[in-house]
Structure formats: C-alpha cells, structure tokens
Amino acid sequence: MRSIAFLGRGGQGIVFAGEVIAETLFEQGLYVAQLQSYGAEVRGGSVLSYVVFDRDRVENPFIESFSLAIVLHEAGMRRWMKHLEGSDLVILDELVSAELRNAVKLPISRVCVEKGVLGRENVVAIGVIAASGVLDPSVVERVLSRKRGFEKNIEALKLGLELGRDVADRVAAVLRL
Amino acid sequence: MSVAKHFSRKYLREEVLPTPFCPGCFNGVVMNAMFKAMEELGIEDLRNFVFVSGIGCSSWIPNPLIRADSLHTLHGRAVAVATGVKLANPRLNVVVIGGDGDLVAIGGNHLLHAARRNMDLLVVMVNNMVYAMTRGQLAPTTPLGFRTATTPYGNFEPPINVAKLLINTNANYVARWCVSNFHKLKQSFKEALSEVSKGFRFIEVVAPCITYVVRYEGKTPGQKIKELREACVEVKSISEIDDVERRGKIAVGVFKKELKPGYVELYESYASRAREASQK
Amino acid sequence: MVRALLSGNEAVAEGALAAGCNFFAGYPITPSSEIMHYMARELPKRGGSFIQAEDELAAINMVIGASWAGARAMTATSGPGFSLMQEGLGYAIMTETPLVIVNVMRAGPATGQATKAAQGDLMQARWGRHGDQMIPVLAPSSPQEAYDLTIEAFAIAEELRTPVVVLSDEFIAHGREVVELREKVEIPSRRKPRDPSEPPFGSPDPRIAPPMPPLGEGYYVIVTGSTHNEYGYRDVHSFETHFRLVKRLVDKIRLNVDKLFRYEVLGDDDAEVAIVCFGSVSRSAKQALRMLRSRGVRAKLLRLVTLWPMNDEVVRRELRSAKTIVVPEMNLGQLIYDVQRLAREDSRIVAVNKVGGGIPIYPSEIVEAALGGSR
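I will try to describe carefully the structure that is included in this document. A quick note: this is a predicted structure, and the numbers were derived from the prediction, not measured.

**Remarks on the overall build of chain C**
Part 1 of the reasoning: Scanning chain C from terminus to terminus reveals 13 helices and 16 strands.
Part 2 of the reasoning: Its C-alpha atoms give chain C a radius of gyration of 21 Å, within 12% of the compact-globule value 21 Å for 375 residues.
Part 3 of the reasoning: Structurally, chain C occupies a C-alpha span of about 70 × 45 × 40 Å along its principal axes.
Part 4 of the reasoning: Per-residue burial over chain C gives 59% buried out of 375 residues.
Part 5 of the reasoning: Look at the contacts in chain C between residues 6 or more apart in sequence, and 75% of them connect residues 24 or more apart.

Right, dumping it as structure tokens:
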C-alpha cells in the first residue's frame, strides 16, 4: 500500500490533482481510494486530497502518514503536521517556509510563473511524480484529456516531468509497490 | 317494500356505511356534488381513480368510504403522496380531498408547490373554517372574531384566502363554491374532471363545520345554508373578488380556467430532451 | 463485470439503477446531494421519474405515493433531512410500503458540520419513529458496499414490503474507490394478490409480507396510516387489531433476522481482544486488527453490515472469548449499548469516540485502546 497526498489551499486544484492521480493509477490497473478534506468551505481554506493505492483492494484509506506528500501552500499544514512528519517523503514548494527533516523543496510555483502556466502548480506537481515512472505519463495525458484546460495542463505536465527528474529516484523509492 | 338506492351508492363501499360524519355535516354535500358530476360524465366505476387524503374530517371522505383505490396519508402530506402516485403512473386520475388545516396549514408548502408545478391533480379543499376532528381549534381559514378552543376570546389572526392565493400560481383551475351552490359546485367538478383534466385544479368548498361552527352559532344546517346562499356572490372575473369581500360577502365562482400543459406533459418533453442529449 | 472508479454516492446511485429504481424524489442536502444529481441525470432518459421536492417531508411522501403506484422508489438525505423523513418512514412502515432511503451521515445535531463525516444516526435509524416498529438498516463501509447494499436494500424492501435504510457517511459518500458493477441484477416483480379477497395487510406467517395490490388495477385498495385490519379498514379502537398488526409488522423484520443479518468476522476464533464496528470506521479497524495480531495479540474483528435487526446470538457468540472489546465509533457512543448488552459480564469494554472536523478514527487509536489506555 502506498499513498500520495496534496496539501494546499482552496483554489489550487488540490482535489483535481487527487482525482487525476486516482484515475491514472486506476487506469494503470491498481486499486485506489481517493479522499479529501477541506479545512473550510470558502476559497483559500486549507485542503488535503490524497490517494491510497495497492495491488489489492485498499484495506484502509484512513492513513496516519503518506508515502509522498506535496505541499503547495502553507495553509492548513499545521493541521496535518503529524501526518507530514511521519511521511516517507515531503515535497514542499520553495515558497513554503516550513522546514521538515524529510522534505525537499522544489520551485514549483516559480516554474509556473516563469513558464506562463500560472495556477497549474497542481499539474506541475503531478508531472514531478510522473517523472519517477510510478505514474505513466501517457496515462496521465489521457486522463487530463478528459478534463478542462487540456492544453495548458499538458504544458504544465511537461514542466513537471522536467522538474521532477532530480528527485525521480527518491519519489520512486517511496511510491513503488 | 323496496327503496330505490341513492345514485351515489355505486361509488361507495356499502359495508362501511353509515358515514363517520356528524349528523348534518356538509361533507355529504361535497361528496354528492362530486359523485353527481362523475355520474353525469358517465364514469361508471372508479378503477382509474386514486383518492388521496390526509388527516381531518374531510380526509375520511375517500378512505374508506369511496369504492376506489385510496391512500389515507399523514396529516398535511396528501398532496406530496398524490404527486408521487401521479408521476409513477400518469394514467391515473389522482384526486386529493382534504380540509383547510390539512392542506393549507401543515400541508401548505406542498399545496403551493404542487400549484407552482401545475401538477396534474384535482385538489378539493373542504373549508370548514376550523380544526374539527381535534375538536374545534383555530384554522388558518377561521374568520376574525371567531371563538374556537384555542381562541376562546375571539380570533385575532387574519385568515388566509386560499383560492385567491392559488390564482397567482401556475394552477390551471381555481374555483370556490359554497355548499349552498350545489349545482355550480357539481359543474366545477365536471369541468375539473373533463374539460380541464390536466394540470393543477383546485376547488374550494366553503362548508362550515356543523358541530364547531354552525352549532356554536346556535343555527341549524338549514339556516346556515340559507345564510350562505345570501352571503355568496358569484363573480365573473377575479377583479370583482376584492370588492365582494370588502362588503363582507363570500366571493364564489370559477376564478381561473386555463389549459396549460401540466407537469406530466412538461416532464415528458423534458425527458425526451434528456434522451436526445444522451444520444449525442 | 465492469470496474469503475466511483464515489460512495455515485455507487449508491449506480446500485439503485441496477436494482431497477425508476423513481427518485429528494431535497438537496450535503453530503448526499450527488446521489440526487446522478438520478436527476439518469432517470429522465431511462424512462423513470425524478423530482426535486419542496422539502424532505414531500420527498419521502412522494416516494411512498410512487411506490404504491408501482415504482421502485428511493430518496437520499442526511441528518436534518433524515429527521424530517421519520414521520413518512413511520407511515411507510404502517402501510407496508417498499422504499429505500439512504442517509449519508454527517456531524450533528442540527446543522452541525454539514461536510464532515459522522456515525451519529445509528440510534435514530433504529428508533427514529414513534411507536413500536423496526426496519432493516444496512451500513456500507466502502463505495463497493454502498453499491452492493443498495441493490440488496431494494430486494429486501420489495420482499418484505418495508422501508430499508442504507446508512452511509460522508467519508464513503465522497471517497472514490474501485467498484465492480454487476452486469445484471435480478429484479423480481412485485407479488400482487391473486384476487381482491386475498388480504393486502395480513399474513398468516408474520415472516412473509402480504401481497401488494398496485393502484389502478381494480383492487380498490384502502391504504391508511391508522391501525387497520388485514383488508385495510380502519380500526382505531380494538386492542386485538392494533396488537396483531403492530406485532406482525415488527415480527416481519425481527423473525427474518437470519436472512437479514449480515456481518463480517476476521481474526482469531479464541480472541482475547475484539473490535466491534460498522461503516467506514471498519476500515481503520481492519488495519488495527492486523497491527494487533502482528504484535502477537489474539484478536478479532466483528463488523456489523446489518445493524438492525441485530442478531443477538451471533454477536454474543462472537464476543464470547473476548476479555477486551473495543468499540470505535464516529459518535459519542451508540453501538456500544448493544455491545454492553451482549458481551460477557467480565469483559472490559473500551469506547473509542471521535466525531467532527472530518478527522477519522485512526488504526493506532484503536490499537492503543485495545492494549490498555482507555479513553
């Protein structure tokens, strides 16, 4: 059993990212469970979205730490700090000021600004995961093609694949079943 | 010696007679008017009818008296149940019979929304002006000044004018008659079962409770009928209603008569749009 | 068999459609609305009826009317709406109206936390109506079970002429998992009376529901929520009629307990530690069971799929060896009443109660409770 979590704030497409990951892994033939938790109903509140996956039916989706967590915004991190501290690997956007012993920082938001895919941090992050090979980029593409904003998303995905190259081994190590 | 059977008996369950109503109760007038209309329309049996009622004296008119399928439902919920029946089997003629408390107080929301939807129902409201079955409490239709068990010093809550309210909805048919207008009431039943047989049809029958209104006033049913006959003024257009009521009279008549498509018809065309959309 | 990635709410809707549901009336409420959205999309194009009611009172009563008119009818709601529907459920029980009602539990009372999972409606599902009554309550623990149990609920409703509750919760409702969809579900047609002389509200064997005469076919059926005899005639005075009717209605469910009671047992037969649970919490409980056993603790898990009627014998038997019984619930303690009633007297019963904020009970909390720390 492995898991991938996205943390951020409302409006960042955190749930969208969970959906894309879940659908991709499902199409790759795995069993998945996708859950989300909103800190507040309003935009800007903290959001957690995560996917548990396994070769067999997922026994328990109510997990206490993640194999991989990607934090796109500090909002709501505190609420899930215990989960993050216990996780195998955390990827923080470089604008997140928090420090964690198991974390690496990546310039996800900066890439979005510089390359003109503003607001696609979530899809860049998916690309970062896909760089590890755990997500098949062609399946991710297929999943994205069914959703809104396909062209921009593909751009963002490619940027993520690029950005994730340096951490690919570490991501693969925590996610491989 | 044989006695000719009353014409209405073919619509009744003989085995439950006599009725549970107080002697002189005007519910009998309402039933007779409806049955007479049915007979004149050539309706021999009621197998294509479903009667739905809630709780109250007039809710006992259909269940179990009428020889037809009938649902005697919860207080206030008759219109909602009737809606479910109609949508699940649109072939059926669904008639709701209930009192003012049942249909307008506790069930007021359902009445309003069924009228908004122009739901294909005939709703007969027997307005007896009080809660009679529970022994004479205030109803939303009780006239001002009226003494009831819960307004022992005289009602100070202005009553609701249900028919007038429903004119302003999408209802196809709105009529009000007094039990003293037997012939006109029967004509309205005929209209609502034949000419205007779709959409929401509402007939209010002013039928003061014999026990908690008429007897309280120290009158006999005959005196009350005579009084109602004088109090009722038939209007030809809705603009006359207010004028009649300002004079302290009861406006009666067919207030609204339209032939707009009812909910069932609208849903059918909606469903065909849905089918087309899914084929694309 | 088709595999799909579905939320619990979508799975309920798929299950209902597979079971032949052709009428849905509902009122919007979080976290159950997606069931209604799904039915709103599907029913019109499949020849069924969908209506958004003016309130939950209307919704349940429309469902009742539709069921009598021959439809396989359902509604879905959450706590506040479930409260409003209790009256209608009582009527459906009294009139033996088949219907399915899904309650997606959220944190209450009152408006509470509309978007957060809870299991606080367990006792309401059992006792929510006034008077003597019982209806089957099924509790899924995953979208797959939400699908399967909704199909099951329709089968039970039709066979026993009763409302059936599917008790889901927000975690199941909004969590997406892999669901195996059946290609074909048997939809037996409703048993009608042979002729009008066969009573529609009486049965010599209380375990067998009387046949149901559909409206509009000349049966001239009398349906009433008042006490009635086997032909539907009101009798609001006699002791015999009331006692016979209400006893039969309760026995119809209670005496079918062997057929209705579904449960899952995992772990050691001679367990010293038992976890008793239902619904989504069972997922954490299963992991907790594995954790306990990997530490050498002889442990078992008893998961109730059918909450009511409860099979006392089964629960008693399964808890016979347990010295410690952990009851994790997303409420302040409801299932625990029956555990206390059925466990051996010398057992230590530990409650794990947590509700609100959308935070689940975690496996470690169950393990901790089992190993000593009582909360």
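**Concerning the overall build of chain B**
Part 1 of the reasoning: For chain B, the helix and strand inventory stands at 10 helices and 10 strands.
Part 2 of the reasoning: A globule of 280 residues ought to have a C-alpha radius of gyration of about 19 Å, and chain B, at 19 Å, matches this closely.
Part 3 of the reasoning: Counting contacts in chain B only where the partners sit at least 6 residues apart, residues at least 24 apart contribute 67% of the total.

**Here we look at unusual backbone geometry**
Part 1 of the reasoning: Between Leu 17 of chain B and the following residue, Pro 18 of chain B, the backbone shows a cis peptide bond with an omega angle of 5°.
Part 2 of the reasoning: Its place among the elements puts Pro 18 of chain B in the segment before helix H1 (27-40).
Part 3 of the reasoning: Along the chain, Trp 308 of chain C connects to Pro 309 of chain C via a cis peptide bond; the corresponding omega equals 0°.
Part 4 of the reasoning: Along the polypeptide, Pro 309 of chain C turns up in the loop between strand E14 (306-308) and helix H11 (312-318).
Part 5 of the reasoning: Positive phi values are uncommon outside glycine, yet Arg 135 of chain B reaches one of about 85°.
Part 6 of the reasoning: Summarising the element assignment, Arg 135 of chain B is placed in the loop between strand E5 (130-131) and strand E6 (137-138).
Part 7 of the reasoning: Not every positive phi belongs to a glycine, and Ala 110 of chain C is a case in point at roughly 55°.
Part 8 of the reasoning: Relative to the elements of secondary structure, Ala 110 of chain C occurs in the loop between strand E5 (99-107) and strand E6 (113-117).

**A few points about the interface of chain C and chain B**
Part 1 of the reasoning: The interface is formed by 37 residues belonging to chain C together with 34 residues belonging to chain B.
Part 2 of the reasoning: Those elements that place two or more of their residues in the side of chain C that touches chain B are strand E2 (23-26), strand E3 (49-52), helix H3 (56-68), helix H4 (79-94) and strand E10 (222-224) of chain C.
Part 3 of the reasoning: It is H3 of chain C that provides the largest number of residues to the side of chain C that touches chain B, a total of 9 residues.
Part 4 of the reasoning: By residue class, the composition of the side of chain C that touches chain B is 21 nonpolar, 11 polar and 5 charged.
Part 5 of the reasoning: One ladder, built from 3 bridges, connects strand E2 (residues 69-72) of chain B with E10 of chain C; its direction is parallel. Counted as the bridge partner of Leu 71 of chain B is Val 223 of chain C from E10 of chain C.

**Considering the sheet that holds strand E3 (residues 46-54) of chain A**
Sheet strands line up and pair through hydrogen bonds in the backbone, either parallel or antiparallel.
Part 1 of the reasoning: Reading across the sheet, the 8 strands line up as E6(A)-E5(A)-E4(A)-E1(A)-E3(A)-E2(A)-E9(C)-E1(C) and stay open at both edges, with mixed pairing between neighbours. The sheet terminates laterally at strand E6 (103-106) of chain A together with strand E1 (2-7) of chain C, the two strands that pair on one side only. Geometrically, the sheet is characterised by an average inter-axis angle of 20° between neighbouring strands, direction not taken into account.
Part 2 of the reasoning: Judged from the 8 bridges that link them, strand E2 (residues 31-38) of chain A and E3 of chain A form a sheet pairing that is antiparallel.

**Digging into the interface of chain A and chain C**
Part 1 of the reasoning: Listed by partner, the interface residues are 18 residues for chain A and 17 residues for chain C.
Part 2 of the reasoning: At the level of elements, helix H1 (14-27) and E2 of chain A are the ones that each hand at least two residues to the side of chain A that touches chain C.
Part 3 of the reasoning: The element contributing the most residues to the side of chain A that touches chain C is E2 of chain A, with 8 residues.
Part 4 of the reasoning: Taken together, the residues of the side of chain A that touches chain C sort by class into 10 nonpolar, 4 polar and 4 charged.
Part 5 of the reasoning: Of the strand pairs in this sheet, E2 of chain A and strand E9 (residues 176-181) of chain C are connected by 2 bridges, and their pairing is antiparallel. Its bridge partner being in E9 of chain C, Ala 33 of chain A is matched across the sheet by Glu 177 of chain C.

**Concerning the sheet that holds strand E3 (residues 93-99) of chain B**
Part 1 of the reasoning: Strand order in this open sheet of 9 strands is E9(B)-E10(B)-E7(B)-E8(B)-E4(B)-E3(B)-E1(B)-E2(B)-E10(C), and the pairing throughout is mixed. Bordering the open sheet on either side are strand E9 (232-234) of chain B together with E10 of chain C, each of which pairs with just one other strand. Each adjacent strand pair in this sheet contributes to an overall mean axis angle of 20°, direction not counted.
Part 2 of the reasoning: With 6 bridges joining them, strand E7 (residues 173-178) of chain B and strand E8 (residues 200-206) of chain B adopt parallel strand pairing. Within E8 of chain B, the position partnered with Tyr 173 of chain B by the bridge is Arg 201 of chain B.
Part 3 of the reasoning: Its contacts with the sheet place helix H2 (residues 78-88) of chain B against strand E1 (49-53), E2, E3 and strand E4 (121-127) of chain B, and it is angled at close to 175° to E3 of chain B.

Conventions we followed
- Residues numbered from 1 in each chain as written.
- Chains lettered and ligands numbered in written order.
- Predicted model: local features only at pLDDT ≥ 70, side-chain atom pairs only at ≥ 80, totals over all residues.
- Helix = DSSP H or I, 4+ residues; strand = E, 2+ residues; numbered from the N terminus.
- Rg over C-alpha atoms; globule rule 2.2 N^0.38 Å.
- Buried ≥ 20, exposed ≤ 12 C-beta atoms within 10 Å, placed from the backbone.
- Contact = placed C-beta atoms within 7 Å.
- Nonpolar A, V, L, I, M, F, W, Y, C, P; charged D, E, K, R; others polar.
- Pairing = 2+ DSSP bridges.
- Axes fitted to C-alpha atoms, helices over the stretch in contact; angles between N-to-C directions.

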